[in-house]
Every structure is written in structure tokens, then in C-alpha cells.
Amino acid sequence: MEPPEQHQAEPGLDEQMDPKADIGEFSYRGTGRLVGRKALVTGGDSGIGAAVAVAFAREGADVAINFLEEETPDAENVARIITASGRKAVTLPGDLTEANVCRQVVAAAAEQLGGLDILVNNAGKQIAVPSLDELTDEQVETTFQTNILAMFRTSRAALAHLPAGATIVNTTSIEAYQPSPLLLDYASTKAAINNFTKGLATQLAETGVRVNAVAPGPIWTPLQPSDGQPKEKLPEFGKSTPLGRAGQPTELAPAYVFLASPESSYVVGATIHVDGGMPTP
Ligand code: NAD
Ligand code: MG
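In this report, we go over the structure that sits alongside the text. (Residues numbered from 1 in each chain as written. Chains lettered and ligands numbered in written order. Predicted model: local features only at pLDDT ≥ 70, side-chain atom pairs only at ≥ 80, totals over all residues. Heavy atoms only, no water.)

1. With respect to the site of ligand 1
Inference 1: For ligand 1, the set of nearby residues contains 31 residues, the closest of which are Asp45, Ser46, Glu71, Tyr186 and Thr221.
Inference 2: Contact between ligand 1 and Ser46: an oxygen atom at 2.6 Å from a side-chain N or O atom of the residue.
Inference 3: When isolated, ligand 1 has an accessible area of 800 Å², and the protein chains bury 97% of it.
Inference 4: Mapped by element, the contributors of at least two residues to the shell around ligand 1 are helix H1 (47–58), strand E2 (62–67) and helix H5 (184–204).
Inference 5: A class-by-class count of the residues in the shell around ligand 1 yields twelve nonpolar, 15 polar and four charged. (Near = heavy atom within 4 Å. Polar contact = N/O pair within 3.5 Å; in protein donor to acceptor, adjacent residues only side chain to side chain. Areas by Shrake-Rupley, 256 points an atom, 1.4 Å probe, with all protein chains shown as cover. Helix = DSSP H or I, 4+ residues; strand = E, 2+ residues; numbered from the N terminus. Nonpolar A, V, L, I, M, F, W, Y, C, P; charged D, E, K, R; others polar.)

Laid out in C-alpha cells, this is it:
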């Protein structure tokens, strides 16, 4: 895949990508690994979150997705796939940079699903900026609000609902280990997510709630053509990985399914790297 140069306003729509991302609608087959589970996936309208939502539904879970209001077309498409897979879909628009929205989204998910077993903290903001000089405080603060502060808030709110055996899966990034000079704010939040994941995992271990993370490499999602990368770099996106290509969102889904399911019962505070072979510590 060599996508043409393209640009969308942030947060971008899967619907308008060229080519469209593969979220597994036509390929992911479940084997009943999450039957009867109830999951909330933030940023579940597109990209990695959408692929996770589709896979969870195919594995037998009911799924609530959170997204930004302007992403409603993508969210409706994912809800359609969940419903067509025979599971319940709940759509919860809301901006997670607002503390009360974090609480409301979790409460609404638990209420409409009739409980909560799985929280996937996946929403994220990435805007490339060439120099620290041009990186505004406003952007730094919104990136931290979206990527890490919201994670504290949704996780805290979810703990009121999560029973023993429940799981939290956080989306981190290769950027936590190999920070791009264009992504100072974003990469810092991803390093914070790694640390938060390990600390919370240790704190919650005795309660039976397991916390883990997935660290994607370069994945073809709406995040990238909506200022996540300079647009002239998009045709080469992912080519510097050992596999020589960007990943598709559906290639991430099995890692989330594993960490969300009882198959990973002895896996706590771990990170699964799905990054085309980029060396990580
Ligand atoms: P994406 O744009 O499809 O998903 C990100 C989602 O975050 C959006 O759909 C949006 O719903 C949500 N979001 C952003 N700001 C929000 C806010 N204020 N409130 C609520 N939701 C908000 O892109 P993606 O690449 O699938 O991103 C998913 C996760 O994967 C992010 O955490 C991202 O950092 C991470 N990630 C992506 C890549 C990649 O190459 N695409 C690599 C490593 C990590
Ligand atoms: Mg989206």
C-alpha cells in the first residue's frame, strides 16, 4: 500500500481515507472468546478502536464505543457491523478532554450494557509539529488531556463497575520508546501511558482486574492523514519498519482480544508490540 498525499481536518474520518483502512469487517472471525462480555472502547469509531470493537463483537461481546460528535458517520458504520454480528452496540459521543464526560461515558456504557467487563482506553490525539518553538501550550495540554488524563478518569470511573476477572487495555505506541522529533507532546503521553499501565496493573492485581497495554507501530488510520504526519510523508508511511509496510487496524485486534479475555489470566502490566518488527526495549 502506498497511499497518495491527502489531508483531512482533525480528527478525520475513516470514510474519507484513500484507501480506506481495514477494520476487519470482512475478515475477522470470532471463536467465542468473549461471549457475554461487555466492553467500552474509547475512540471505537475508526482505526484501531474500530477494529477492536468489531473483533470483540465477533468474539461474542456487547460493545459500547465512544467518539467525538463529528465522527458520527464512522461510529454508525461500526455500530452497524457490531449489530450485524449479532451483538448489542451502544454509541456514546463525547469529548474525553472534559472530566465529567469521562465519567458520563463510563456510566452510560455500564448502564446500557448492563455492566462492564472490559475497558479499552484507546482514544488519542496526534498532531505533528516540526519544532518545540511552534508547539503551543494549548496543543500540549489537549494532547495530555486526551491521551493520558482521560485514561486516569475513565479507569477510575470504570473501577466502580469492573468485577474480578475484568480487564483494562490501554493503547500506547512505539513512540513511547522511539520518539519522533515531530511528536514531542504525543510521544511523552505514550511514555506516561506505559508507566500508568504498569503502576495501575500492580495496584489492581489483588482485585482480579488485570491491566495491560498494546503498543502499535505505524498503522493506517484517520489519525495519520489528519495532521498526525506531514502529508508529504504519507506515501512512505510505515516503510521504515522491518516488514516494510504500515499495518492495518485489524492486525491489532487479536492482541486486544487476548488481553481482554481470560486466556491472558496470568498476564499483568504487560505490553504487546504490534509494530512490524521495530526493536523495543
Ligand atoms: P483514529 O483517529 O482512528 O482513532 C483515534 C480516536 O480517538 C478517534 O477516532 C477519536 O474518536 C478519538 N478521540 C480523539 N480525541 C478525542 C477526544 N477529545 N474525546 C474522545 N475521543 C477522542 O486513529 P488510531 O490510529 O486508530 O488511534 C487509536 C489509538 O492508537 C490512539 O491512542 C493512537 O495514539 C494509537 N496509536 C496509533 C498508531 C498509528 O500509527 N495509527 C500508532 C501507535 C499508537
Ligand atoms: Mg475516528
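2. A look at the coordination of the magnesium ion (ligand 2)
Inference 1: Only Asp45 (OD), Ser46 (OG) and Glu71 (OE) from the protein reach the magnesium ion (ligand 2) as donors, at distances of 2.1 to 2.2 Å.
Inference 2: Mapping the donors of the magnesium ion (ligand 2) onto the primary sequence yields the spacing D-S-x24-E. In this pair, Ser46 is assigned in the loop between strand E1 (38–42) and H1 and Glu71 in the loop between E2 and helix H2 (72–84), connecting sequence segments 25 residues apart. (Donors = N, O, S within 2.8 Å, 3.2 Å for Na, K, Ca; no water.)

3. Digging into the layout of surface pockets
Inference 1: By volume, the second largest pocket amounts to about 220 Å³.
Inference 2: Lining the second largest pocket are 14 residues, and of these Lys20, Ala21, Ile23, Glu25 and Asn77 sit closest to its centre.
Inference 3: For the lining of the second largest pocket, the class distribution of residues is five nonpolar, three polar and six charged. (1 Å grid on protein atoms, 1.4 Å probe; cavity = no way out; pocket = protein on both sides within 12 Å on 5 of 7 lines; lining within 4 Å. Points joined across faces, edges and corners; volume = space filled by probe spheres on them.)

4. Remarks on the packing of aromatic side chains
Inference 1: In the structure shown here, the tally under the stated rule is one aromatic pair.
Inference 2: Pairing Phe152 with Phe196 gives two aromatic rings, centres 4.4 Å apart and planes at 40°, and the pair type is tilted. Pair noted here: Phe152 is in helix H4 (residues 137–159) and Phe196 is in helix H5, with a separation of 44 residues, a long-range link.
Inference 3: Judged by relative accessible area, which is 39%, Phe152 ranks as partly exposed. (Phe/Tyr/Trp six-rings, centres within 6.5 Å; stacked < 30°, edge-to-face > 60°. Buried < 20%, exposed > 50% of the residue type's maximum accessible area, 1.4 Å probe, protein only.)

5. Topic: the nonpolar core
Inference 1: Within the largest apolar cluster, 34 residues are counted, with the highest numbers of intra-cluster contacts made by Phe56, Val63, Ile65, Val120 and Tyr256.
Inference 2: The set of elements that each furnish at least two residues to this core consists of E1, H1, E2, H2, strand E4 (118–121) and helix H7 (253–260).
Inference 3: In terms of residue count, H1 provides more of this core than any other element does, nine residues in total.
Inference 4: Listed in part, the 31 residues of the second largest apolar core include Ala64, Val101, Ala123 and Val209. (Core = buried A, V, L, I, M, F, W, Y, C linked by side-chain atoms within 4.5 Å.)

6. Some words on the pattern of salt bridges
Inference 1: Inspection of every chain in the model, using the stated rule, returns seven salt bridges.
Inference 2: The shortest N-O distance in the salt bridge between Glu59 and Arg33 comes to 3.7 Å. Within this pair, whereas Glu59 is found in the loop between H1 and E2, its partner Arg33 is found in the segment before E1, the two being separated by 26 residues in sequence.
Inference 3: Judged by its relative accessible area of 1%, Glu59 is buried.
Inference 4: Of the residues examined, Arg33 reaches a relative accessible area of 26% and is grouped as partly exposed.
Inference 5: Of the charged contacts in the structure, one is a salt bridge between Asp62 and Arg87, with a shortest N-O distance of 3.3 Å. Here Asp62, found in strand E2, pairs with Arg87, found in the loop between H2 and strand E3 (89–93); they are 25 residues apart in sequence, far enough to count as distant.
Inference 6: We classify Arg87 as partly exposed; its relative accessible area is 25%. (Salt bridge = Lys/Arg side-chain N within 4 Å of Asp/Glu carboxyl O.)

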